[in-house]
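Below, each chain spelled out in residue letters.
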Amino acid sequence: MAAIGAIRKHGVLLLVIIGLALLAFILGDLSNVTRTFSNKYVMAKIDGKKMDQTYSKQYEENTALMKLLQNKNSLEDNETYQIHDMTWQQMLQEQVLDKQLEKLGMAYNNQMIEDFKENMLASLQQPNQFIAQFANALAQQVGPENAMAIISNIEAYANNDQAKDIYNAYQALVRFAISAEKSQQYFALAQNSVYFSDPLAKQLAKDNKMAMVSLMTINPELSAFQSLKPEVSEKEIKDFYNEHKKDVFTVQDKNRDINVAVFPINPTPADLKAIEDSVRKDFAAFTQASSIAEYNISKGNAGAVDSTYFKESDINLPELDSLIFKSSVGSFIEPFTYENVKWYFGKVFGVANRPDSVLVATIELPFKTASYKEAPYSKKEARLLADSLRQVITSGQTSIFAEQPNYLYGREQGDTTFWLPERGTMPELYNSLLTTPNGGIYVYKAPNGYIVFQVLDRTQLIEKRQFVLYDYDITASDATVSALRSQANQFAAGVSNNEELLAAAAKQGIQVVNGDHVTSMAANIGQLPNCRDIVSWAFGDDVKKDAISDVFNINRMFFAVASVANVREAGEQKYKDVKDEIKTMLEHQNKIDLVAEQLNKELASGGMQAVAQKYSVPVTDSVMLSFAGDYYMNRGVDSKAIGQIFNLSANKPAAVAGNNVAYVVNVNETRDGQASQNLMMEKNYLQNAVLGRERNENTLLGYLISQTKVLDNRVRFYQK
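Predicted model, so just to flag it, every value in this text is computed and none were measured. (Residues numbered from 1 in each chain as written. Predicted model: local features only at pLDDT ≥ 70, side-chain atom pairs only at ≥ 80, totals over all residues. Heavy atoms only, no water.)

1. Examining the overall build of the chain
Secondary structure summary: the chain contains 24 helices and 20 strands in total. A globule of 720 residues ought to have a C-alpha radius of gyration of about 27 Å, yet the chain, at 34 Å, is considerably larger. Projected onto its principal axes, the C-alpha coordinates of the chain cover approximately 105 × 70 × 60 Å. Per-residue burial for the chain yields a buried fraction of 45% across its 720 residues. Counted over contacts in the chain with a minimum sequence separation of 6, partners at least 24 positions apart contribute 72%. With an accessible surface of roughly 37400 Å², the chain has 50% of that area assigned to carbon and sulfur atoms. Averaged over its 72 positive side-chain charges, the chain has a centre that lies 3 Å from the centre of its 84 negative ones. (Helix = DSSP H or I, 4+ residues; strand = E, 2+ residues; numbered from the N terminus. Rg over C-alpha atoms; globule rule 2.2 N^0.38 Å. Buried < 20%, exposed > 50% of the residue type's maximum accessible area, 1.4 Å probe, protein only. Contact = heavy atoms within 4.5 Å. Areas by Shrake-Rupley, 256 points an atom, 1.4 Å probe, with all protein chains shown as cover. Lys, Arg positive; Asp, Glu negative; His and termini not counted. Charge placed at Lys NZ, Arg CZ, Asp CG, Glu CD.)

This is the structure in structure tokens:
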């Protein structure tokens, strides 16, 4: 479970409450890399501006935010590189929008950003979506009251190393909110700056005819069309390339096509038997041991036994919860497997009826440490003051609530009373509070201060249990791993290019995973996870098309041999590199044209129902199509086909070629377009079509980014 480290103003208390420090995600220290004027040692540039520090800072902040929101101490490879991608896109968008807003005289200065942050925090009672998400995630870990206290004083933690992850997560949240604000303002201005004339709107009204049709869709890959062989000339391919090379065949982010031959590391039947024998042998020894501590020592552990109590709902392993709570104390948990991943066995050794949380009021007395030299007391002063408070409160000379205002150090008094849950609290502290009667005082010494607790109340008693559980991974043996590695090495040595890898894998029955357009910061290749090592290799300076990798061991899950099937650097692609791709594309289009021609011949002799029966395709009646409608409004009929359909004669069934399928259509009725009052409908349609929809905003943003000079060398700095 993720946890929150000690925080200065709440530090003494929160360190105790949480019991664990939120692990900081450690970035590689890039500062020691020798810097030269060469871009080889620059991680990122946008329009000539070096962005190394900005990227690293924002990546660290985004990582802290994702850990907080997902309640995790660490992230998987694919999650890490999703954050890389998010950070890069966010940074690009921010730079582009800042540039455009500056041209419009709307650049965000530091004071505007500070005002924005204050407004965000001022909305705690009715929080905006960003603060609400942050507060909810924090509340799950420290409780609603502590979360509110932390957020209310968040800027006080800016230089507190123990609160680094929380403050970084907050900073990431602020950037998300400001970026959304900038985007909203820019696109609002972009929309309002476009004027649609009356003649244009009238032309749209005139052209926007409606048609009621009967329709069926024909897949060109049906076996009935296998004999149709489309031909594409060299001239057609070159003409298509010349027409589209600046849009379709211009690459924004360098990428590779990578094929991976996979050798799964799975245990053999002999491995499975050996693991089970080992588990049952250990279980027999466990049942014969005089104590759990003795068994732990015999297995090389310290002998300590976890004293934590669990209620039934705390146990997440399926069926284990009922097994533990139905067993008598002292009974053994027989060996069992879970999803063929692990073996388990254990013992139930304790039971008690305990409250799930305790209501406490607190006074914190922080003392000076090496990391907190500004604390108000020395260790001795804090101890004497804690003893004094215990005596005067216990004797009734004063109350803890009367004393609290003297020890708030900038906090609110409401932050000092809360329910302390057993789960997540140090067992030593929680057990001590349970033995303290309601109204009693307990003084706890934390690593950086003393805390005076007064127990006010506790929840209803609930049965809880103590148990120990030992787990064994079900993995391949060293011998099996060695044999698979040898097989992968022999395979790699036997191929010298991509074509040979594919052929050899097919012959030997080895699975190959295809990754198309894999970018330099990807974590996965196709559906294959945790492939950073392979991706980093594929983007090496000396790795060219048809390169074959050495054998990779991916997290002991599988061995892999990779080949680079295609290399695409950023910029306009060369004709020779895309020729085959264009040929395949044109052959597909020509095939659909041939299918439409054949269908038209069959329609002429047999009619629409005969064609539907021959190809087992249903006819859909009463389909309303709009000439100006988009794909979704027109029942999935693409724009290429729509243009042809509105030129068909009524009641004369015909086949037309779309982008991916052929359509057989009978136009039953057409209606002329009618202009709306004041042309409002037409102008709204034009507004939405040009600027108003999210995909068009993304298109505009994509265009602005494409006009930006970008250097992306992150793969050199984040290889794993």
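Anyway, onward from the coordinates.
2. What about the packing of aromatic side chains?
In this structure the tally under the stated criterion is 25 aromatic pairs. Both rings, one in Phe286 and one in Tyr470, keep their centres 5.3 Å apart while their planes meet at 70°; by these two values the pair is edge-to-face. Of the two residues, Phe286 sits in helix H10 (residues 269-288) while Tyr470 sits in strand S12 (residues 461-473), which places them 184 residues apart along the sequence. For Phe286, a relative accessible area of 3% puts it in the buried group. Relative to Phe552, the ring of Trp537 has its centre 6.4 Å away and its plane inclined at 65°; by these criteria the two rings are edge-to-face. (Phe/Tyr/Trp six-rings, centres within 6.5 Å; stacked < 30°, edge-to-face > 60°.)

3. Side note on the pattern of salt bridges
Oppositely charged side chains can form a pair if their charged atoms are brought close together. For the structure shown, the criterion picks out 30 salt bridges. One salt bridge connects Glu79 with Lys72, and the closest N-O pair in it is separated by 2.6 Å. On the basis of relative accessible area, Glu79 is assigned to the buried category, the value being 14%. Assessed through its relative accessible area of 27%, Lys72 is described here as partly exposed. With its nearest N and O atoms 2.7 Å apart, the salt bridge here joins Arg390 to Asp387. Taken together, the positions of Arg390 and Asp387, both in helix H13 (residues 379-394) and 3 residues apart, correspond to about one turn of that helix. Asp387 sits in the partly exposed class, given a relative accessible area of 23%. Among the charged side chains, a network of salt bridges with common partners joins Lys311, Asp314, Arg354, Asp356, Glu422, Arg423 and Lys464. (Salt bridge = Lys/Arg side-chain N within 4 Å of Asp/Glu carboxyl O.)

4. Considerations on the sheet that holds strand S17 (residues 620-626)
Taken in spatial order, the 4 strands line up as S17-S3-S19-S18 in an open sheet, and their pairing is antiparallel. The sheet is open, and its two edges are formed by S17 and strand S18 (654-657), each paired on a single side. Ignoring which end each strand starts from, the neighbouring axes of this sheet average 45° apart. Where helix H19 (residues 575-606) meets the sheet, it contacts strand S3 (210-218), S18 and strand S19 (662-671), and its direction lies at approximately 180° from that of S18. (Pairing = 2+ DSSP bridges. Axes fitted to C-alpha atoms, helices over the stretch in contact; angles between N-to-C directions.)

5. Comments concerning helix H2 (residues 52-70)
Taking 1.5 Å as the rise per residue, H2 with 19 residues should run 27 Å; its terminal C-alpha atoms sit 27 Å apart, in good agreement. The first or second residue beyond H2 is Asn71, which carries a positive phi of 60°. (Expected span 1.5 Å × (residues − 1).)

These results come straight from atomic positions and should not be treated as a statement about function.
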